[in-house]
Amino acid sequence: MNRLLRILLIFALPAVLPAGAQSAPNPVVQIRGEISRPGAYELRKGETLSSLILRAGGYADNAWLPGAVLLRKTERARQEEELAGIVKRLEAAVREDGPWEPQHDRMRRFADSVRHLAPSGRVPVRLSLVRLMIHSPQDLPLEDGDDLFLPSAPRTVRVLGALRDPGEYPASPGARLPEIVAAAGGFLPEADRDGTILLKADGTAGRLSEGWAAWNEALGRWELSLFRKNRPRIEAGDTLFVPRDPGRSGWTGGIEDYRRMLARILEIAGPGTLP
Amino acid sequence: MRTLAALLACLSLLAVASASAGDAPFTFPSNSGLTGLLETPTARVMETNRYRVGVGMADPYRWYYGAIGIFPRIEAAGRVTEVGGVPGFSEFGGYGDTKDKAVDFKFQFLREGKYTPALALAVLDPHGTRIYSSQAIVASKQIFPFDFTLGLGNGRLGKRPLPSTGENFGLEIFTDPKEWWGDASLFGGIQFAPTERLALVAEYSPVAYHKQTTDPARDAHFREPVPSRLNFGLRWKPLRWAEIDLSWQRGEQFGVNLSVAFDIGKPILPIHDPPYREPAKARASPFEDRVTEALAGSGFRDVGVSFDGVTLRIEARNDRWFFPERAVEVILEILSGMEPARFEYLQIVLTEEGIPLLGFATTGHGLSGYGAGKIPGERFREFSRFTMELAEAPPLPVRHRRIVDWDLRPSFETFLNDPSGFFKYRLGASGQLRATPWRGGTLLLGLEGYPLNTVSTVNVPLSNPVRSDIVLYKKERIAMGRLLAEQVVRAPGPVFGRISAGYLEVMYAGVDAETAVPLFDGRILAGAGGSYLRKRDPDNPFRLRNDREYHTLFLNGRLNLPELDLMLDVKGGRFLAGDLGARFTVSKRVRGVVLSAWYSVTDTSNFTDPFNRGYHDKGIAVEIPIRLFLGRDSRTAYRIALSPWTRDAGQDLDRHRALFDQIGPNLPVRMPGHLDRKDPSGYTE
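Rules used throughout
Residues numbered from 1 in each chain as written. Chains lettered and ligands numbered in written order. Predicted model: local features only at pLDDT ≥ 70, side-chain atom pairs only at ≥ 80, totals over all residues. Heavy atoms only, no water. Pairing = 2+ DSSP bridges. Helix = DSSP H or I, 4+ residues; strand = E, 2+ residues; numbered from the N terminus. Axes fitted to C-alpha atoms, helices over the stretch in contact; angles between N-to-C directions. Contact = heavy atoms within 4.5 Å. pLDDT = per-residue confidence, 0-100. Buried < 20%, exposed > 50% of the residue type's maximum accessible area, 1.4 Å probe, protein only. Parallel < 35°, antiparallel > 145°, perpendicular 65-115°, else oblique. Nonpolar A, V, L, I, M, F, W, Y, C, P; charged D, E, K, R; others polar. Expected span 1.5 Å × (residues − 1). Core = buried A, V, L, I, M, F, W, Y, C linked by side-chain atoms within 4.5 Å. Salt bridge = Lys/Arg side-chain N within 4 Å of Asp/Glu carboxyl O.

Bringing the sheet that holds strand 7 (residues 167–170) of chain A into the picture now. Residue and element names in this part refer to chain A. Spatially, five strands are ordered 7-6-12-8-9 in an open sheet, and the strand pairing comes out mixed. Either end of the sheet is taken by a strand with one partner, and the two such strands are strand 7 and strand 9 (205–207). Here the average twist between neighbouring strands, direction ignored, is 25 degrees. Bridge count between strand 8 (residues 197–199) and strand 12 (residues 239–242): three bridges; the pairing is antiparallel. When the sheet's bridge partners are listed, Leu 199 is paired in strand 12 with Thr 239. Strands in contact with helix 7 (residues 254–269) are strand 8, strand 9 and strand 12; relative to strand 8, the strand with the most contacts, it is inclined by about 20 degrees.

Here you go:
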């Protein structure tokens, strides 16, 4: 009788219970790349980046921490919504342009391509030695399905967009935009030279060229670019994206807002996604 | 010109809606301390809750100044301007060169925006002799590392000096905008700060020295126009808090300005109070005993604990923690480390001399969650309550009772601007011996010793001397400051009462009594008080002078605005010299430091001397917690006041302790909206 009951419990009960009542699969996180023991790990209660890295045996010798990529399902869902909002704004701009404007077709094509982009779900992370991360704000708690990838150290800068010869080019320390653009054959005539975007290896994007002066929103002041603090530096593993000049468009926020939007799309969808 | 006034009013309104600040790094001091170029102000203001003190010199002038960023976009400065080569009092050599006191204010009514400059109204020396007075509208726009300034000012910065206003304030920009416009001249300059530590400045100053007929320097030094109206300077900050400015001014003089700047209330040593660790053997004791010992080990005295199986009641006198809310948190931390789930309700009452001042109530389950970090501070605060309306319950038997207490602290007092010497002082120590033999009762002996004492005067006491003869008392090297008995009572309501009798302060003895009622959780304090006094004999600490009796009678009110960390006080009634009127005090709290300024308006017709007639008593005071220097918490605070001692209008008794100040820190309205286990000053380890 006991045996019969046990068989019933094991096989029959899950079948008669509603789906939600069945036990869910254990949450899992994945760690890949330059790590001692890559693989899928069961997510423990209170698990953070540092504890996962420790469980996976620590960094491999080639691990390049600034390029670490953490992909997260919930972030991907949030980015999908954000991308949908951007598409709506683009479509509104296309409608305002009207078909008689010369840049209309280009903007429409651009809106179409953004509509089909898939968000990466990348969460910015800043890894360091594990003992320094513990209890620090960088030691993010992990979620079910998180995927942490540790690349090896890159040697090149990726150059994309309105250039004659886009591709990957060696990154020398202190490399400047003109040198890299020259290596890539120079700007195409339709390039928005002032709108060049630097996508850093950590997934953050911002405008590289800002003219002779730029407004610093955080400090509430204009700054001469020559004296700007924290000027962006081009380093190995970074991606340079030169957009096309949008021309006179109906973009309500103006050209600066348009450029910021491009940078955000790159952050969401990753390099190589924009036309 | 009415249009201009309207425009100014509109711009003031705009300020409410304006956004982020962009003043850094151009918050350097001008010659006289207010943020500016060299002789002229900019539209920049100091960071809020930062202050600086300094000394500047550009012959023949020397400036001794202090400035403070007391509210967002408001800066205030006080200074003494000394003019070399012009004796202050020809008959008294000790005073040295002539000196003028002044205060300056700046209000940045429009913050710098992307396309708009910062705009500020600078009011320089608006009161009294107004030798260096001006009102200026000034704009500054930054393209880092350059900062461009253009302004328009009258008076010192305009075409002619402004007249004295005696005891009144002069603000022509508002009272007569047409005259201001007609008298105003342009000024401006450029600053270049390639790094946060270094800056160059070039300035056009409109000051026409040879036309400043009210300036004592004019006849001695400026009979002809100065060679140049262009000034140049170099500013260097060797440390974040220290600045050295070198300049070439008026085309004829080198200038030097040395200043230091600090955040108000930032401890010199980080405050670190290690948490209480219960000895292992104590864990076997009854729960009430464990709590009692833990509180006593954490700086509480007169500790009473009772537990009826449901409610844990704690009464404790906070002898260590400057902020009452921190004292409550310390108790909560102690209980969290024990067995918070054991009791359902918790009541904490903080007492002083046995008088309950502040109550706190919460639940055991809430405390368990908070202690384990499962409930954030703001959520925990939602089901906790600070209150002064304490249920009438028999007092708990207390342990670790402290009946006799004492303190000794260094003391430094200044006596400024006497004709026989501008800067006089006394440096020594003051000590108090207190006994609290019964609930609310205090016996107090205060002794003062000043081995270094230069206080003296050539002034004679005025017509009705209640303070103008204070030097007779302050010149003594050793004095019995107080010897008094005091009783504080608390009645339901609550209503507080105090009566003190004895030698109440260094000048007066007698009886002083007052009441205080907190209303709306302490948002308002209302009260009344009065005193019946005789003057003490300066030559004998126990003898009283028989020449006259004095009495005061006041209605007191305080509005607490914790949202702005402000207190507004009004004291109206009969002052010591019999003058009727009111004293208005504004106090600002910054991380435990209290900055106050007061101004009195009294009927001075009963004075027959010209010094008191029409005089308004005014002064500033700062209260500094000693914890800023100790590296640990302490309730002790120093109070330093700067106010003329040579006037008798608007004077009151110098009380050992006023009820408003005793109750004030414990008012529920001042308690934080969340508990975060951090020091309320924001600086802790």
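What follows concerns the confidence of the model for chain A. When pLDDT drops low, the exact placement of atoms in the prediction is not to be read closely. Here chain A shows a mean pLDDT of 81. Residues at 70 or above account for 83%. Note on residues 7–22 of chain A: pLDDT is under 50 here. Beyond four places in sequence and across chains, it has five contacts.

The next thing to look at is the sheet that holds strand 17 (residues 345–352) of chain B. The strands that make up a sheet pair up through hydrogen bonds in the backbone, lying either parallel or antiparallel. All names here are of chain B. Strand order in the open sheet formed by five strands is 15-16-17-18-19, and the pairing between neighbours is mixed. Strand pairing shows two members of the sheet lacking a second neighbour, strand 15 (300–307) and strand 19 (385–387), which therefore form its edges. Taken pair by pair, the neighbouring strands of this sheet meet at an average axis angle of 15 degrees, ignoring direction. Strand direction decides the pairing type here: strand 17 and strand 18 (residues 355–363), joined by eight bridges, are antiparallel. Paired with Ile 348 across the strands is Phe 360, a residue of strand 18. In the packing of helix 7 (residues 364–371) onto the sheet, contacts are made with strand 17 and strand 18, and the angle to strand 18 comes to roughly 80 degrees.

On to the environment of A:Leu266. Residue and element names in this part refer to chain A. Among the secondary structure elements, Leu 266 is positioned in helix 7. The class for Leu 266 is buried, based on a relative accessible area of 3%. For the pair Leu 266 and Gly 206, spaced 60 residues apart in sequence, the C-alpha to C-alpha distance is 9.5 Å.

For the rest of this paragraph, the subject is the packing of helix 6 (residues 324–336) of chain B against helix 7 of chain B. The geometry of a pair of packed helices is captured by two quantities: the angle between their axes and the separation between those axes. All names here are of chain B. As a packed pair, helix 6 and helix 7 sit with axes 9 Å apart at the nearest point and diverge in direction by 85 degrees. By the angle class used here, helix 6 and helix 7 are roughly perpendicular. For the pair helix 6 and helix 7, the contacting residues are Glu 329, Leu 332, Leu 335 and Ser 336 in the first and Leu 367, Tyr 370 and Gly 371 in the second. Along the lines of polarity and charge, the residues of the contact of helix 6 with helix 7 split into four nonpolar, two polar and one charged.

What follows deals with helix 6 of chain B. All names here are of chain B. In this model, helix 6 (13 residues) spans 18 Å end to end at C-alpha, consistent with the 18 Å of a helix rising 1.5 Å per residue. Most of helix 6 is tucked away: eleven of the 13 residues are buried. What helix 6 keeps buried is the set Pro 324, Glu 325, Arg 326, Ala 327, Val 328, Glu 329, Val 330, Ile 331, Leu 332, Ile 334 and Leu 335.

A separate point is the pairing of strand 30 (residues 593–602) of chain B. Residues and elements named next belong to chain B. The buried fraction of strand 30 is high, at seven of ten residues. Relative to strand 30, strand 29 (residues 580–590) is paired through ten bridges, and the arrangement is antiparallel. Within the sheet, the bridge partner assigned to Lys 588 lies in strand 30 and is Leu 595. Hairpin connection from strand 29 to strand 30: two residues lie between these consecutive antiparallel strands, with Arg 591 at a positive phi of about 50 degrees. Pairing of strand 30 with strand 31 (residues 618–625), which is carried by six bridges, proceeds in the antiparallel orientation. When the sheet's bridge partners are listed, Val 594 is paired in strand 31 with Glu 623.

A few words now on the nonpolar core. Residues and elements named next belong to chain B. Residues Leu 295, Phe 300, Leu 312, Ile 314, Leu 332, Leu 335 and Leu 346 are the most contacted members of the largest nonpolar core, which totals 33 residues. Secondary structure elements with two or more residues in this core: helix 5 (287–297), strand 15, strand 16 (311–318), helix 6, strand 17, strand 18 and helix 7. Among the elements that line this core, the one with the most residues is helix 6, at seven residues. Excluding residues within four positions of it along the chain, Leu 295 makes contact with Phe 300, Val 303, Ile 314, Ala 316, Ile 331 and Ile 334. Grouped together as the second largest cluster of nonpolar side chains are 26 residues, Ala 67, Val 83, Ala 122 and Tyr 209 included.

Turning next to helix 7 of chain B. Residue and element names in this part refer to chain B. All buried positions along helix 7 are accounted for by Gly 364, Gly 366, Leu 367, Gly 369 and Tyr 370. Buried positions along helix 7 lie against helix 6, strand 17, strand 18 and helix 8 (377–382). Just downstream of helix 7 lies Gly 373, where phi reads positive at about 80 degrees.

Opposite charge on two side chains permits pairing when their charged atoms draw close. All names here are of chain B. Following the criterion strictly, the structure yields 76 salt bridges over all chains and no others. Asp 319 is the salt-bridge partner of Arg 402, the closest N and O atoms lying 2.9 Å from each other. Separated by 83 residues along the polypeptide, Arg 402 in the loop between strand 19 and strand 20 (404–418) and Asp 319 in the loop between strand 16 and helix 6 bring together distant segments of the chain. Since its relative accessible area comes to 27%, Arg 402 is described here as partly exposed. When salt bridges with common partners are traced through the structure, they connect Glu 352, Glu 353, Glu 486, Arg 498, Asp 512, Glu 514, Lys 571, Arg 635, Asp 652, Arg 655 and Arg 657 into a single cluster.

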